[in-house]
Amino acid sequence: MLTRRRAIKSLGIGLSAAGLGFSPLLRAQGNVASRQPLNIPALESGTFSAGTTNFDLSLQRGSHSFLPGLSTETLGINGNYLGPTLRFKRNQKVALQVSNKIGEPSTLHWHGFHLPPTADGGPHQEIAANQVWNPSFDVVQFAGTYWYHSHVMHKAGSQVYKGLAGMIILEDDEQDVALPSNYGVDDIPVILQDRRFGDDGSFLYMNRYEDQVMGMMGDTILVNGTVNPVVTTGTKLLRLRLLNGSNARTYNLGFSDNREFYQVASDGGFLESAVPLTRLTLAVAERAEILVQFDPGEEATLVNVALPPAFPEFPGAMSEMMRAQNAQTFDVLHFRAEASLQDNGKPPSSQLTEIYRLPESAATNVRTFRLGMGNGMRSGDDAGPGRGARNGRGGGFGGGQFSINGRRMAENYINERIQFNTTEIWELTNTSPMMHPFHVHNGQFQVLDRNGSPPPENEMGWKDTVQVGADEIVRIIMRFTDYRDEENPYMYHCHILEHEDRGMMGQFVIV
Ligand code: C2O
Ligand code: CU
Ligand code: CU
């Protein structure tokens, strides 16, 4: 068996010397010889009968070789690592048969969908070992890229890390937007994850202090489970369905040559028109569909570009840790264009769809959510009135009190009761020193503003997860329709899974 050092060598990976104390070193992925074709998860369209599309999903244990000569124990859905890409159709009913064969409790959550709370797959829909869960729901979302993942209480982080996640592609036959749609050929799933491996190839999880604070960030980038991946394209235009399926890492994406690309969809469907970009920030659980053009024979690399530290410098581990976030530039996914390319269209210049912007005046209630990490480093939540939001920063490290409105998630406590058939504005504030991606179950919302300013163009579509930066106030607007259920709650939470698992989550019912 190869030792870790030899495995690293044979991958052509040299650990870069950018050794900030708290920065997880990213394995350079630039080595050409060790590039591997990007894994494309199987496309599963289900079986159709009596107006319902049925999917059979089995949560199972397995192993996979991510690093040459080393084997890693994993979890997967109908396979060893990750799950198939499920193809849903708008206005169809789906029925999912989920069998739990992993020997411990789990759940499967349909992220981004408007559905009854009992079909949601959150912490309350726990599937015991060797049990089967049979949810079904009508697919009413817009065409787009969604996903599914474990949401089991306190262990979503470790189960997703080991592989319990997959992509969902929602199609709408009535929406005739001419975009590349040949799955795995010019319509490519891109599930971004980062992992840390032990010498024996095993996944390491939460084995460093900073993981408790920042969430679990790895030193090896996986795309659809592939290390150092390459896509060979035979078409001029590629549609990339980007899904940040990491536990904690935020990506700041762009191309190595700074070429322009076009974002056509956000979490919940198409944007009104293609937005030209050279950089795109994607936090955990966010999706973006982008179009990128290639010339015959050329190569390009999707990279993560380091961001300047957003946190002040002062002595101590806190500042060092916060400043090391997003501080590295690394390769994510290589592209190699064939010598002659099929012409499969251009980024559309016409309108993609019409988005009805929910008017503020439709809202009958405003709720405030304060995201806090009272680790003793910045006690914004407990600071009380009159104290600056930055107060308490830089103190000692305490217990890790991840909270929303000063409360940690308790399964038997309903935090919010929402009137059925109403529209609400949620004001999200962040009294902690780092960004939290805030996610609301049961559908899609719109971003009204960030610190009072309208959101950028690519945040003007439907969203289910929104980045809330330190000291930022983000206002979102959402409708609560169709599924009135006083008993069964939906979740809202930070989608950094280690924050969610440690309490930065709450529950609402629609009454
Ligand atoms: Cu993607 Cu509550 O989850
Ligand atoms: Cu969700
Ligand atoms: Cu968080």
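Residues numbered from 1 in each chain as written. Chains lettered and ligands numbered in written order. Predicted model: local features only at pLDDT ≥ 70, side-chain atom pairs only at ≥ 80, totals over all residues. Heavy atoms only, no water.

**Student:** Explain the packing of aromatic side chains to me, please; I cannot follow it from the model alone.
**Tutor:** To describe a pair of aromatic rings, you give the distance between the ring centres and the angle between the ring planes. Applying the stated criterion across every chain yields a total of 30 aromatic pairs. Look at Phe66 and Phe197: their rings are 5.6 Å apart centre to centre, the planes differ by 45°, and that puts the pair in the tilted class. Separated by 131 residues along the polypeptide, Phe66 in the loop between β4 (52-64) and β5 (72-77) and Phe197 in strand β13 (residues 187-197) bring together distant segments of the chain. Per residue, the accessibility class of Phe66 equals that of Phe197, and both read buried. Ring centres of Phe142 and Trp462 lie 6.4 Å apart, and the angle between their planes is 35°; on these two criteria the pair is classed as tilted. Here Phe142 is found in the loop between β10 (136-138) and β11 (144-149), whereas its partner Trp462 is found in the loop between β31 (446-450) and β32 (465-468), with 320 residues between them in sequence. Taken together, the aromatic side chains of Phe369, Trp426, Phe438, Phe480, Tyr490, Tyr492 and Phe508 make up a single cluster linked through ring pairs. Looking at Arg195, its charged tip hangs above the ring of Phe203, at a distance of 6.0 Å from the centre. In this structure, Arg407 is placed above the aromatic ring of Tyr413, and the distance from its NZ or CZ to the ring centre is 3.7 Å. (Phe/Tyr/Trp six-rings, centres within 6.5 Å; stacked < 30°, edge-to-face > 60°. Helix = DSSP H or I, 4+ residues; strand = E, 2+ residues; numbered from the N terminus. Buried < 20%, exposed > 50% of the residue type's maximum accessible area, 1.4 Å probe, protein only. Lys NZ or Arg CZ within 6 Å of the ring centre and 35° of its normal.)

**Student:** Help me understand the sheet that holds strand β2 (residues 43-44), please; the structure alone is not making it clear to me.
**Tutor:** To summarise the sheet geometry, strands pair through backbone hydrogen bonds and adopt either a parallel or an antiparallel arrangement. Spatially, 5 strands are ordered β2-β6-β12-β11-β8 in an open sheet, and the strand pairing comes out mixed. Unpaired on one side and paired on the other, β2 and β8 (109-111) mark the two borders of the sheet. As defined by bridge partners, β8 adjoins β11 across 3 bridges and the pair is classed as antiparallel. Pairing of His109 across the sheet is with His149, part of β11. (Pairing = 2+ DSSP bridges.)

**Student:** I keep staring at the coordination of the copper ion (ligand 2) and nothing clicks. Help me out?
**Tutor:** Coordination angles at a metal have ideal targets, namely 109.5 degrees for four tetrahedral donors and 90 or 180 degrees for six octahedral donors. Coordination of the copper ion (ligand 2) by the protein involves His109 (NE2) and His439 (NE2), with metal-donor separations of 1.9 Å. Of this pair, His109 sits in strand β8 while His439 sits in strand β30 (residues 436-440), and the two are 330 residues apart along the sequence. Classification of His109 as buried rests on a relative accessible area of 1%. Residue class for His439 comes out buried when judged on its relative accessible area of 0%. (Donors = N, O, S within 2.8 Å, 3.2 Å for Na, K, Ca; no water.)

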